[in-house]
Amino acid sequence: MVVMVGKLEWIDAGLSALVDGGPEAVRVEPVAKALKVTKGSFYWHFADRPAWLAAIRARWEQIATQAVIDRVERAGPDPQGRLETLFTFTTRHHPGHVLEAAIRAWSLTDPKTRAVTRRIDKKRLGYVRDLLVGLGHSPAQAQLRAQILYLALLGEMSLVAHGGRASPPPVFQTLLALATRRS
């Protein structure tokens, strides 16, 4: 009996391998073994390992940025409510913190991953900035406040990904209140 797994399963297995062992663990043979399939299944979906790695980066961008933005946008038209939804979701989405840390570690040694990470950081910052502008802050003030919020979020992700306890909800509620307060 031949077992085939889909392209998305290969990509998600690659993400898991990345989290478990870093970029060197994202190899066809060990992942095929974990999926209980042959290497032929891999080559059905990808031309080579670099194509797989590109798909892994794209998947991370989708699940860690675009899907989050899409979820927040469904929270309604109010920028304050969307900011609250964004920070509630991202500070409580602990499995994503480990993946975020793994991708950022990979970006230290891989220029393609670094480029994707920079693009995602810019997109995330721009999204938060635009929400703050929607609350009436000037573009310059919104940019400054977005950066403060984003750096705090990255710090939280890193802390939790490396075994620390998540901050209690009042920490980010207070930070968000300070960042959105009109001066």
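To be clear, the structure that these remarks concern was listed above.
Conventions and cut-offs
Residues numbered from 1 in each chain as written. Predicted model: local features only at pLDDT ≥ 70, side-chain atom pairs only at ≥ 80, totals over all residues. Heavy atoms only, no water. Helix = DSSP H or I, 4+ residues; strand = E, 2+ residues; numbered from the N terminus. Buried < 20%, exposed > 50% of the residue type's maximum accessible area, 1.4 Å probe, protein only. Polar contact = N/O pair within 3.5 Å; in protein donor to acceptor, adjacent residues only side chain to side chain. Expected span 1.5 Å × (residues − 1). Contact = heavy atoms within 4.5 Å. Arc of directions from axis to C-beta.

Asker: Can you help me understand the side chain of Thr 91 in this one?
Answerer: Secondary-structure assignment places Thr 91 in helix α5 (residues 79–92). With relative accessibility at 3%, the residue Thr 91 sits in the buried group. Separated by 2.6 Å, the side chain of Thr 91 and the backbone oxygen of Phe 87 make a polar contact. A distance of 3.5 Å separates the side chain of Thr 91 from the backbone oxygen of Thr 88, its partner in a polar contact.

Asker: It is not clear to me how helix α1 (residues 7–21) should be interpreted in this structure. Could you clarify?
Answerer: Count 3.6 residues to each turn of an α-helix, and residues three or four apart come out pointing the same way. For α1, built from 15 residues, the straight-helix expectation of 21 Å at 1.5 Å per residue is met to within 8% by its first-to-last C-alpha distance of 21 Å. Taken residue by residue, α1 has Trp 10, Ile 11, Ala 13, Gly 14, Leu 15, Ala 17 and Leu 18 as its buried positions. Packing partners of the buried residues in α1 comprise α2 (28–35), α3 (39–45), α4 (49–73) and α6 (94–107). Looking one or two residues past α1, Gly 22 carries a phi angle of roughly 80°, positive in sign.

Asker: I keep staring at helix α9 (residues 169–180) and nothing clicks. Help me out?
Answerer: An ideal rise of 1.5 Å per residue puts 16 Å on twelve residues; α9 measures up with 17 Å between its terminal C-alpha atoms. For α9, the full list of buried residues reads Phe 172, Leu 176, Ala 179 and Thr 180. Down the axis of α9, the buried side of the element spans an arc of 90°, and every buried residue falls inside it. Residues of α9 that are buried in the fold lie against α5, α7 (111–134) and α8 (139–161).

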